[in-house]
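One letter stands for each residue in the lines below.
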Amino acid sequence: MQRALVREIPNTFDRAITGKQGRVPDVELARLQHSLYRAALEGNGYAVDVLGGDDRFPDCVFVEDTAVVIGDVVVATNPGAESRVGEVAAVSTFFSDRLQLASIEAPGTLDGGDVMTLGETIYIGRSGRTNREGAEQLAGIAKDQGLTSIFVPVDGVLHLKSAVLPLDPKTVVVTPGTVDENLLSELRIVYEHPSERFRFSALPLTSGTSLVTSSAPKTNTLLRNEGYDLTPIDVSEILAADGGLTCMSIMY
Ligand code: CIR
């Protein structure tokens, strides 16, 4: 059975890191939205494991950034934001008796939001959070698992997956002008609607539908017209903290 690890919203979520000046997430609404996200995963056949939130770490709900699963290996990251480094321990402990453990070591830094595995290729964003050493360490681990790495410089956005969202193993939705699209030449690109920049996020599920953000209705219509089955959900308070749909779970 497909499983997903999620982590609850801490009481301190209104102090999560955000580039959106003056927009403070509403903690209670975020909790409601998070519970609907969990229910959507369960409704689509996932067994959901839940770690408790930790008030010392306002961003801990964004569990994706703390570990990357590649085959039977889970790579504990070294997050690029100092305030998030302590989030990793609980996630590593969770996986320690389930998968083989590897880790990104300082001076390498890496956030899981910069990692996108499609088929036999792993795209690693080189962002403000993921430095060259971190990207190279992950590429080495991925190579041992038979995957080829492509480094993608990411500028002006938080993570690779803030701007490039997989929909299926061959297709990504891209926010125009954010990455060098030559690096994505193995993939088919669909563009986020220009009036919805950074409001689209997607999480393809094994049931065949993709969770998508209801805040990007024009992009969603475009994708439906291409035949994608979409399940829109409202995650306004998650977007307010610069999160999206991939970042709240680790599939394993
Ligand atoms: C941060 O700045 O680290 C959080 N406020 C948002 C992290 C989002 N993570 C992700 O999309 N993978």
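Above: the structure in question.
A quick note: this is a predicted structure, and the numbers were derived from the prediction, not measured.

### Here's the deal with the side chain of R84
Mapped onto the fold, R84 is located in the loop between strand 4 (73–76) and helix 2 (88–96). Here D59 takes part through its backbone oxygen, which lies 3.3 Å from a polar atom of the side chain of R84. Side chain to side chain, R84 and E87 meet in a polar contact 2.8 Å long. Setting aside anything within four residues of it in sequence, one finds R84 in contact with I17, D59, F62, D65, P79 and R129.

### Some words on a nonpolar patch on the surface
Together, L29, L32 and L36 make up an exposed nonpolar region whose accessible area comes to about 260 Å². Relative to the helices and strands, L29 resides in helix 1 (residues 27–43). A relative accessible area of 33% means that L29 is categorised as partly exposed.

### Things to note about helix 1
If you check helix 1, its first and last C-alpha atoms are 24 Å apart, about what 17 residues at 1.5 Å a residue would give, namely 24 Å. Residues of helix 1 that are buried: V27, A30, Q33, H34, Y37, A40 and L41. Projected down its long axis, helix 1 shows its buried positions confined to an angular sector of 130°, all on one face. For helix 1, exposure combined with an orientation more than 90 degrees from the buried face picks out E28, L36 and G43. Sitting at the amino-terminal end of helix 1 is D26, which places a side-chain oxygen 3.0 Å from the backbone nitrogen of E28. Looking at the residues trailing helix 1, positive phi occurs at G45, about 95°.

### Re unusual backbone geometry
Here A106 and P107 are connected by a cis peptide whose omega angle stands at 10°. As for its position among the elements, P107 is in the loop between strand 5 (100–103) and strand 6 (115–118). A positive phi angle, close to 65°, is found at F198, a residue other than glycine. Tracing the backbone shows F198 in the loop between strand 11 (188–191) and strand 12 (202–204). With relative accessibility at 35%, the residue F198 sits in the partly exposed group. Unusually for a residue other than glycine, D242 sits at a positive phi of about 65°. Looking at the element boundaries, D242 is found in the loop between helix 6 (236–240) and strand 15 (250–251).

The rules we used
- Residue numbering note: each chain is counted from 1, following its sequence as written.
- Under the rules for a predicted model, residues below a pLDDT of 70 receive no local features and side-chain atom pairs below 80 are neither given nor counted, while totals for whole chains, interfaces and linings still include all residues.
- Side-chain figures throughout are based on the complete set of non-hydrogen atoms in the structure, without hydrogens or water.
- Strands are runs of DSSP state E lasting at least two residues, helices are runs of H or I lasting at least four, and both sets are numbered from the N terminus onward.
- Each polar contact in these results corresponds to two N or O atoms within 3.5 Å; when the atoms are within protein, one needs to be able to donate a hydrogen and the other to accept it, and residues that are neighboring in sequence are counted only if both atoms are side-chain atoms.
- Should any heavy atoms of two residues lie within 4.5 Å, those residues are considered in contact.
- Residues enter patches when they are more than 30% accessible in relative terms and free of salt bridges; like-charged ones are connected within 9 Å and nonpolar ones (Val, Leu, Ile, Met, Phe, Trp, Tyr) within 5 Å.
- Accessible surface area values rest on a Shrake-Rupley calculation with a 1.4 Å probe, where residue burial reflects the displayed protein chains alone.
- Here a salt bridge means any side-chain nitrogen of Lys or Arg lying within 4 Å of a carboxyl oxygen belonging to Asp or Glu.
- The buried label goes to any residue with under 20% of its type's maximum accessible area, the exposed label to any with over 50%, and the partly exposed label to all in between, with areas taken from a 1.4 Å probe on protein chains only.
- The span you would expect from a helix comes to 1.5 Å times its residue count less one.
- Taking the helix axis as origin, the arc is that swept by the directions to the C-beta atoms.

Read these as layout, nothing more, since geometry by itself doesn't imply function.
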